[in-house]
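Residue-level listing of the chains:
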Number of protein chains: 2
Amino acid sequence: MTNKVVSIAAAGILAATAAPAQAQFAKPEDAIKYRQAAFALIGNHMGRINGQLKSNAPNVQVIQSSAALIETLSKLPFEAFIAGSESGGNPPTRAKPEIFKDAAKVKSLAEKMQAEVAKLAATAKGGDINAIRAQFGEVGKSCKACHDDYRRD
Amino acid sequence: MTNKVVSIAAAGILAATAAPAQAQFAKPEDAIKYRQAAFALIGNHMGRINGQLKSNAPNVQVIQSSAALIETLSKLPFEAFIAGSESGGNPPTRAKPEIFKDAAKVKSLAEKMQAEVAKLAATAKGGDINAIRAQFGEVGKSCKACHDDYRRD
């Protein structure tokens, strides 16, 4: 009993410091909505950058602001893959069951993507369109690496 | 004819500098998804701040990071109320038809909300929970002012 109380207290301390994912979502549907929202905004702004890179006169400011926003958003979705949110959502989640099982691999892919996105935001500030284009390709690869294994078509 | 060419050219210049809303969305459904995503993330992080303010030991860092994120997100949704996006969406848009007609009033309410949110982010940095609570109330009012007139229940 004492051990149980101690471990509950310890869990409480961890909860207070780490602000665990579950606490951010009243119910699993909220977690699905949250990660879908983050990915939707990321996807839209990836599209904006792509549009600029394909144009004859890329607007560097548009690229910079979208890249900075994607950097911020890239930190959001992964805390929302919580237990209980494997299915459901409106529209339904496209997460494959494996994403809830392969924690270490998913973390590694997420961190790779976040690093590539941070590099894109930094490169965008430099304004060199060829360098931006190359780094945008790296970001795309890092997105695809996760989608291939963990997202339904 | 010359006038028409001139005005098309002028519109082109405006488009290049202002990056008009329509250009960011391939179709109206994309605009609905975009604004819903921004509002979903704002709502979630308003809930996180509210949760901290109701707790016995508010985590100021959680409040600060959510407030900073809301400040960034507050700038996103309004460009997405484009012509053609009055209905549709999955889930369906809750925008009332009036939001597409009252441009000046909506702009004014949006700017008020953005100003209150910026003030919340600044207040959060100060760490005074009572001041944060008061400013959080002002943000809530500025959200509600728009929801009352322009969002379906």
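In case you missed it, the structure is sitting above this.
For clarity, every value in this text was computed on a predicted model and none was experimentally measured.

## Remarks on the side chain of A:His45
Part 1 of the reasoning: When you line up the elements, A:His45 lands in helix H2 (residues 28–54).
Part 2 of the reasoning: There is a polar contact of 2.9 Å between the side chain of A:His45 and the side chain of A:Ser66.
Part 3 of the reasoning: Beyond its immediate sequence surroundings of up to four residues, A:His45 is in contact with A:Ser66, A:Leu69, A:Ile70 and B:Tyr34.

## Side note on the environment of A:Arg133
Part 1 of the reasoning: If you trace the backbone, A:Arg133 turns up in helix H5 (residues 129–150).
Part 2 of the reasoning: Among the polar contacts listed, one links the side chain of A:Arg133 to the side chain of A:Asn130, at a separation of 3.2 Å.

## Notes on the packing of aromatic side chains
Part 1 of the reasoning: For the coordinates displayed, the defined rule picks out 10 aromatic pairs over all chains.
Part 2 of the reasoning: What links up through ring pairs into an aromatic cluster is the set A:Phe39, A:Phe78, A:Phe81 and A:Phe100.

## What about the packing of H2(A) against H5(A)?
Residues and elements named next belong to chain A.
Part 1 of the reasoning: For the pair H2 and H5, interaxial distance at closest approach is 11 Å and the crossing angle is 140 degrees. The interaxial crossing formed by H2 with H5 has left-handed handedness. For the pair formed by H2 and H5, the contact residues are Met 46, Ile 49, Asn 50 and Leu 53 on the first element and Ile 129, Ile 132, Arg 133, Phe 136, Val 139 and Gly 140 on the second.
Part 2 of the reasoning: Looking at the contact of H2 with H5 residue by residue, the classes come out as seven nonpolar, two polar and one charged.

## Comments concerning unusual backbone geometry
Part 1 of the reasoning: A cis amide bond links A:Asn90 with the next residue in sequence, A:Pro91, at an omega value of 5 degrees.
Part 2 of the reasoning: Relative to the elements of secondary structure, A:Pro91 occurs in the loop between helix H3 (60–73) and helix H4 (103–126).

## Overview of the nonpolar core
Part 1 of the reasoning: Core analysis: the largest hydrophobic core is formed by 58 residues, its most contacted members being A:Leu41, A:Ile49, A:Leu73, B:Leu41, B:Ile49 and B:Leu73.
Part 2 of the reasoning: Secondary-structure elements contributing two or more residues to this core are H2, H3, H4 and H5 of chain A together with helix H2 (28–54), helix H3 (60–73), helix H4 (103–126) and helix H5 (129–150) of chain B.
Part 3 of the reasoning: Excluding anything up to four places from it in sequence, A:Ile49 contacts A:Ile63, A:Ser66, A:Ala67, A:Ile70, A:Leu120 and A:Phe136.

Cut-offs used in this document
Residues numbered from 1 in each chain as written. Chains lettered and ligands numbered in written order. Predicted model: local features only at pLDDT ≥ 70, side-chain atom pairs only at ≥ 80, totals over all residues. Heavy atoms only, no water. Helix = DSSP H or I, 4+ residues; strand = E, 2+ residues; numbered from the N terminus. Polar contact = N/O pair within 3.5 Å; in protein donor to acceptor, adjacent residues only side chain to side chain. Contact = heavy atoms within 4.5 Å. Phe/Tyr/Trp six-rings, centres within 6.5 Å; stacked < 30°, edge-to-face > 60°. Axes fitted to C-alpha atoms, helices over the stretch in contact; angles between N-to-C directions. Left-handed = near helix turned anticlockwise from the far one by under 90°. Nonpolar A, V, L, I, M, F, W, Y, C, P; charged D, E, K, R; others polar. Core = buried A, V, L, I, M, F, W, Y, C linked by side-chain atoms within 4.5 Å. Buried < 20%, exposed > 50% of the residue type's maximum accessible area, 1.4 Å probe, protein only.

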